[in-house]
Amino acid sequence: MDRTQVVIIGGGATGAGILWDLSLRGIAAVLLEKRDLANGATGRCHGLLHSGARYAVKDAEAARECLRENRILKTIAPHCIHDVGGLFVRYPQDDPAFFTAWDRACADIGLPTAPLSAAEALDLEPNLPSGILGASTCPDAHVDVFQLTLSNLQAAVARGGRFRAYAEVTAIERRGGQVTGVRFRDTLSGDEDSIDCEMVVNAGGGWAQQVAALAGLHVPVRCDKGSLLVLNHNLVTRVVNRCRKPGDADILVPAGPVCILGTSSITVSGPEGLRAETDEIEALLKLGTELVPCMAESRVLRIFSGVRPLYVPQGADKAGGREISRGFALLDHGVEDNLDGFVSIVGGKLTTYRLMAEKTCDLVASRLGVDEPCRTAETPLRPPTPEAVTRKIRHLLPAQAASIVERRLGPAMAQLAERIEADPDMAEILCECEQVTRAEVAMVMAVDAKVPVRTINDVGRRCRLGFGSCQGTFCGYRAMLEGYRQGLWPAEAAAADFKRYLDERWKGQAQIPNGKQLEQLMLSHDLFGPSHHFHSDGEG
Amino acid sequence: MRHTDVTLDNCLKCSDCNAACPVMTAHPRYPGPKHLGPELEKLRREGLPCDSEWLEYCLGCERCDMACPNQVNVAELIARAKAAHKKPLRRRLRDWLLARPGLLGQVISLAPAVANRVLALGVVRRLMSLTAGIAAERSFPAYARVKLAGVHGRSRGAERVVFFQGCSMRYNEQALGRDCIALLAENGIETEMSEAGCCGYPALANGDPAEARRRVRANLELLYQAAENGTPIVTACTSCGQMLKTGFTLLLGDDPELAAKARVVESAVRDLGEFLIERADQGHLSLRFGDCGHLGRLAYHSPCHQATQGLSRPWFHLLRMVPGIEIEDLNAGCCGMAGTFGFKQEKYPVSLSIGQRLFQAIAQAAPRQVVSECPTCRMQITHGSGVPSVHPATLLVMAYEQRKVVDGGGGGARLAS
């Protein structure tokens, strides 16, 4: 029987942030995730690191919170952030009263902005429509959500924290009014196991309600679906926000080699089985074309949907005391529901994940009688990279690949260099769009990796393999072969996983209204369909 | 939306371009057109450092463009990247010069006899290889002082073409120029030798688009009037032809006024072989060829830039109209010379290795001469296979003359088809 102090349920940014925070405080913790890291809301958002400008008019407190966290994350996790800056663009069809309200609200909370004339804005972003009235800058940025979650996990594991993917909690054990442990099932192997613990933290995001139900409790979470479009290349180089009351499809985020438009907002019954509807996609594209006209002819790579897990307490009076912040709530079920050792953290947004973790861990630490303050706001997620290691990689890899891997691996590039020096074939690029080398894939697949992988999709979440325009058609296959070479999976399991991988990638492309990605999809079908007996019964 | 944006979105990563690339087969480490073109362009827009020395190894043959099933302008994307590529000083200076064959020709042809003798000296070639990075194994074409200009083959009521000579003909191959004039005259066409200088292709290939732009800008003015009047602009060099058919739009297309002029000129341009075969198809080509059995076995090599023009070996088919000619189409890919590429010392081994397939095909065909319309292909063929090479126009003129020998003069009359 395994033992720990705290079990965290949910491997999104918040859960990973909690594991890191607890590990820094010297509290033993295990994070259980039913699939792989960032599978829920974290991995299905814009990847926008808010500056707060978005919320300034409606909710000054939420905006201040974002601005503080924006600054902290840029200091502690610069390798996860493309500090591209943002623009709030004034479109002639939008309400001018909002422009002045926005200026005033940003000034009030000390958010640094600078006005740009229409000509200046067009000079910076030539794909904006020529009729814009002007724009303002703000410190928005793009954050690589997978990298951020992974970095938190890696940092935590280095300090003794533990992460288990594909571990679905099936029961929360209690004795009287006290949580005593959890039982879980490995969703790939079916094996069952359990852990004894003193506390359980529910960081289930969209699944928080289901997790609480395992303890017989009710946590009111409303799932609000947001669908997003990934465009094949950078139509803008800064985050482009439409300066108006927040609405659908008014943010375009340049995310590495692609850019992401979103979102819609539709209440759904739960976090699973999400699908972007045809009307929804059409509406997004239409609004996106208002934002950046050339989007009409641009290639859409992929469509995905996620849920915002919104905390909706019944009765405002009850909510008042429980809301730690406007954006998120920390529920101490010992106080609320007479179940000691069970805590839920719900609501919130990616930008404030660290703050949510801090508040949660403050509570957990006090319940455990640990007198250690939170140090995540000052502690970098990753140690600096020695200059010699950077130089070596620049010598071993082409400029762009070196530059990408410097951000992604940092000091771990030393191992990358070792692998390439031992075998120069390891410098081969397996994923062309994201310039991922065979050596990096091998590192990700290593049995001693801090955050191990079990599927090809997991590999993508560690190093972005398969995220580009071919959507895994070529690199997914190469990764499967590399996994076989490394002994990660035997031949049959490899083929089965590749089939699952392709199926998921195909699903993401199947609804695309624009021709080019359909051609890409057909190429993938033609390459693998016959050999994998997909659609062999005439379905497709 | 910018043209290059559309082109980027079209790439499906299918690798058809890589499969068509001659360098990829010759050089296992060459990353290929897919990477150097659309892939790097996308990463460049992400703000990543994307320079690569491999860009210098692109031949500019444009076979990638032809191969792409999705209309990605791979070659154009590579050419843009090449223009931004940083080279060490020595290669920069050499490539500056190679980008300007017109300038080189003008200078050398001031004292061609001396220059030819000096350039042929082994010690000079070794010196050039050491200092300027020019492959010592290569011999330079001979330069001449005489230049072809003015109108030739005047006759009453004759049709006229404007002839674009290109640097090779202007400075090294005036005899070929005279053959082309004779060929046209035989068909009742007078030839106006254009004053237009270098087509700009060598500048583009050497990563100097500013120089290329200057060349096409000047040429546009010199050629526009004739094109506007409906006079065909004819060239016997396939690389010049490719540039004259696409380069004006490529380099000047951003300016709407120049773009309009560019379209007029580009649509007036014909490869000489294309021009003649069109006439043959219309029954307007003189077929007064004498028997050329004495030429022995011939083998034809089609230059990359002939295929990129969408031409299907017009010269090969023209030569097959000549009685007694025995000619085989080698169909063995790129020769590897790629204009100035093969002259570069560090590229020389790759250049020869690309040509191996062609050299082997020549060895198998065992022709007395290899026929090809591209001057640098011919240099490479003779250098790599040891077999002499000739422009097809020269053979066609011989065929007409052979008839005159038999007839004892006369000629020029059209033969009804």
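What counts and how
- Residues numbered from 1 in each chain as written.
- Chains lettered and ligands numbered in written order.
- Predicted model: local features only at pLDDT ≥ 70, side-chain atom pairs only at ≥ 80, totals over all residues.
- Heavy atoms only, no water.
- UniProt positions renumbered as here; feature names shortened; annotations may be inferred.
- Helix = DSSP H or I, 4+ residues; strand = E, 2+ residues; numbered from the N terminus.
- Rg over C-alpha atoms; globule rule 2.2 N^0.38 Å.
- Contact = heavy atoms within 4.5 Å.
- Areas by Shrake-Rupley, 256 points an atom, 1.4 Å probe, with all protein chains shown as cover.
- Lys, Arg positive; Asp, Glu negative; His and termini not counted.
- Charge placed at Lys NZ, Arg CZ, Asp CG, Glu CD.
- Pairing = 2+ DSSP bridges.
- pLDDT = per-residue confidence, 0-100.
- Axes fitted to C-alpha atoms, helices over the stretch in contact; angles between N-to-C directions.
- Parallel < 35°, antiparallel > 145°, perpendicular 65-115°, else oblique.
- Left-handed = near helix turned anticlockwise from the far one by under 90°.
- Nonpolar A, V, L, I, M, F, W, Y, C, P; charged D, E, K, R; others polar.
- Patch = residues over 30% accessible without salt bridge, like charges linked within 9 Å, V, L, I, M, F, W, Y side chains within 5 Å.
- Salt bridge = Lys/Arg side-chain N within 4 Å of Asp/Glu carboxyl O.
- Buried < 20%, exposed > 50% of the residue type's maximum accessible area, 1.4 Å probe, protein only.
- Buried area = accessible area lost by both parts, 1.4 Å probe.
- Polar contact = N/O pair within 3.5 Å; in protein donor to acceptor, adjacent residues only side chain to side chain.
- 1 Å grid on protein atoms, 1.4 Å probe; cavity = no way out; pocket = protein on both sides within 12 Å on 5 of 7 lines; lining within 4 Å.
- Points joined across faces, edges and corners; volume = space filled by probe spheres on them.
- Phe/Tyr/Trp six-rings, centres within 6.5 Å; stacked < 30°, edge-to-face > 60°.
- Lys NZ or Arg CZ within 6 Å of the ring centre and 35° of its normal.

- As annotated in an unreviewed UniProt entry, chain B is Anaerobic glycerol-3-phosphate dehydrogenase subunit C from Magnetospirillum aberrantis SpK.

- Named according to an unreviewed UniProt entry, chain A is Anaerobic glycerol-3-phosphate dehydrogenase subunit A originating from Magnetospirillum aberrantis SpK.
- Note on chain A: under the UniProt heading Cofactor (unreviewed entry), the record states "FAD".

## A word on the overall build of chain A
Here comes step 1: If you tally the helices and strands in chain A, you get 18 helices and 24 strands.
Here comes step 2: Taken over the C-alpha trace, chain A has a radius of gyration of 23 Å; the compact-globule value for 540 residues is 24 Å, and the two agree within 12%.
Here comes step 3: Projected onto its principal axes, the C-alpha positions of chain A cover 65 × 60 × 55 Å.
Here comes step 4: In chain A, of all internal contacts separated by at least 6 residues, the share reaching a separation of at least 24 is 71%.
Here comes step 5: Of the roughly 20900 Å² of accessible surface on chain A, 51% is carried by carbon and sulfur atoms.
Here comes step 6: Measuring between centres, the 59 positive side-chain charges of chain A sit 2 Å from its 68 negative side-chain charges.

## So, the pairing of strand β6 (residues 297-300) of chain B
Residue and element names in this part refer to chain B.
Here comes step 1: As paired elements, β6 and strand β7 (residues 326-329) share four bridges and run parallel to each other. Across the sheet, the residue bridging to A299 is E328, located in β7.
Here comes step 2: Note: β6 against strand β8 (residues 369-371), three bridges, orientation parallel. Bridged to Y300 within β8 is V371.

## Focus on the confidence of the model for chain A
Residue and element names in this part refer to chain A.
Here comes step 1: The predicted model of chain A has a mean per-residue pLDDT of 93, with 95% of residues at 70 or higher.
Here comes step 2: A low-confidence stretch, residues 316-322 stays under pLDDT 50, and its non-local contacts, those more than four residues away or across chains, total eight contacts.
Here comes step 3: Every residue in residues 535-540 is under pLDDT 50, and counting partners more than four places away or in other chains gives three contacts.

## Some points on the sheet that holds strand β5 (residues 81-82) of chain A
All names here are of chain A.
Here comes step 1: If you trace the three strands from one edge of the open sheet to the other, you get β4-β9-β5, paired in antiparallel fashion. Unpaired on one side and paired on the other, β4 (48-49) and β5 mark the two borders of the sheet.
Here comes step 2: Relative to strand β9 (residues 141-143), β4 is paired through two bridges, and the arrangement is antiparallel. When the bridges of β9 are listed, L48 appears paired with H142.

## Focus on the environment of A83 of chain B
Here comes step 1: As for its position among the elements, A83 of chain B is in helix α6 (residues 74-84).
Here comes step 2: Contact partners of A83 of chain B, with chain neighbours within four places excluded, come to G207 and P209 of chain B.

## Focus: the packing of helix α14 (residues 438-445) of chain A against helix α16 (residues 475-485) of chain A
All names here are of chain A.
Here comes step 1: Running from N to C, α14 and α16 cross one another at 55°; their axes reach a closest spacing of 10 Å. Taken together, the axes of α14 and α16 lie oblique to each other. Between α14 and α16 the crossing geometry is right-handed. Side by side, α14 and α16 meet where R438, V441, A442 and M445 of the first sit next to A479, E482, G483 and R485 of the second.
Here comes step 2: Class assignment of the residues belonging to the contact of α14 with α16 gives a composition of four nonpolar, one polar and three charged.

## Some words on a nonpolar patch on the surface
All names here are of chain B.
Here comes step 1: Taken together, the side chains of W96, L97, L103 and V107 define a hydrophobic patch exposed on the protein surface, amounting to about 350 Å² of accessible area.
Here comes step 2: Only α7 (89-98) and α8 (101-108) provide two or more residues apiece to the nonpolar patch.
Here comes step 3: Mapped onto the elements, L103 comes out in helix α8.
Here comes step 4: According to the relative accessible area criterion, L103 is partly exposed, its value standing at 35%.

## Considerations on the pattern of salt bridges
Here comes step 1: Overall, the coordinates contain 67 salt bridges over all chains when judged by the stated rule.
Here comes step 2: A salt bridge links E440 of chain A to R408 of chain A, with the nearest nitrogen and oxygen atoms 2.8 Å apart. A residue pair is termed long-range when its members are at least 10 positions apart, and E440 of chain A in helix α14 and R408 of chain A in helix α12 (residues 399-409) qualify at 32 residues.
Here comes step 3: Judged by its relative accessible area of 10%, R408 of chain A falls in the buried class.
Here comes step 4: A single network of salt bridges, built from pairs that share partners, joins E53, E56, K87, R91, R94, D95, K344, E346 and K347 of chain B.

## Regarding the interface of chain B and chain A
Here comes step 1: If you look at the interface, chain B gives 22 residues, while chain A gives 25 residues.
Here comes step 2: Note on chain B versus chain A: buried area summed over both sides is about 2200 Å², and carbon and sulfur give 53% of it.
Here comes step 3: Inspection of the region where chain B meets chain A yields one salt bridge.
Here comes step 4: The interface formed by chain B and chain A holds twelve residue pairs in polar contact (both at pLDDT 80 or more) in total.
Here comes step 5: Of all elements in the fold, only α1 (3-10) and α4 (33-45) of chain B reach the threshold of two or more residues within the side of chain B that touches chain A.
Here comes step 6: Counting residues per element, the side of chain B that touches chain A draws most heavily on α4 of chain B, which supplies seven residues.
Here comes step 7: Residues that form the side of chain B that touches chain A fall into these classes: ten nonpolar, three polar and nine charged.

## A few points about the pairing of strand β17 (residues 251-255) of chain A
Residue and element names in this part refer to chain A.
Here comes step 1: The buried fraction of β17 amounts to five of the five residues, a majority that puts the element mostly inside the structure.
Here comes step 2: Both faces of β17 are covered, namely the face carrying I251, V253 and A255 and the face carrying L252 and P254.
Here comes step 3: Bridge count between strand β16 (residues 239-242) and β17: two bridges; the pairing is antiparallel. Bridge pairing in β17 links V240 to L252.
Here comes step 4: Direction of pairing for β17 relative to strand β18 (residues 258-262): antiparallel, over a ladder of five bridges.

## Examining empty space enclosed by the protein
Empty pockets left among the atoms are what a rolling probe the size of a water molecule brings to light.
Here comes step 1: Using the criterion set out here, one finds ten cavities of 30 Å³ or more in the structure.
Here comes step 2: Approximately 730 Å³ is the volume found for the largest cavity.
Here comes step 3: Broken down by secondary-structure element, the contributors of at least two residues to the lining of the largest cavity are α7, α8, α11 (166-172), α13 (201-205), α15 (238-252), α18 (304-307) and α21 (375-385) of chain B.
Here comes step 4: Of the residues in the lining of the largest cavity, the class split is 31 nonpolar, twelve polar and three charged.
Here comes step 5: The space that makes up the second largest cavity amounts to roughly 190 Å³.
Here comes step 6: Residue lining of the second largest cavity: 14 residues in total, with H82, D144, I404, R407 and R464 of chain A positioned closest to the centre.
Here comes step 7: The element best represented in the lining of the second largest cavity is α12 of chain A, accounting for three residues.
Here comes step 8: Tallied by class, residues from the lining of the second largest cavity come to four nonpolar, four polar and six charged.

## Looking at the packing of aromatic side chains
Here comes step 1: Taken as a whole and judged by the stated rule, the model has twelve aromatic pairs over all chains.
Here comes step 2: With a centroid separation of 5.4 Å and an interplanar angle of 65°, the aromatic rings of F146 of chain A and F467 of chain A are classed as edge-to-face. With F146 of chain A in helix α5 (residues 145-158) and F467 of chain A in the loop between α15 (456-463) and α16, this pair connects stretches of sequence that are 321 residues apart. Side by side, F146 of chain A and F467 of chain A carry an identical accessibility label, which is buried.
Here comes step 3: Grouped by ring-pair contacts, the aromatic residues Y477, F498, Y501 and F528 of chain A constitute a single cluster.
Here comes step 4: Note that K349 of chain A overlies the ring of Y55 of chain A, its terminal NZ or CZ placed 4.7 Å from the centroid.
Here comes step 5: The ring of F474 of chain A has K34 of chain B sitting right over it, with the charged end atom 5.6 Å from the ring centre.

## With respect to the packing of helix α14 (residues 209-228) of chain B against α15 of chain B
Residue and element names in this part refer to chain B.
Here comes step 1: With their axes 9 Å apart at the nearest point, α14 and α15 run at an angle of 115° to one another. It follows from the interaxial angle that α14 and α15 lie roughly perpendicular. For the pair α14 and α15, the crossing hand works out as left-handed. On α15, the residues that touch P209, A212, R213, V216, R217, N219, L220 and L223 of α14 are M243, L244, F248, L251 and L252.
Here comes step 2: Split by residue class, the contact of α14 with α15 holds ten nonpolar, one polar and two charged.

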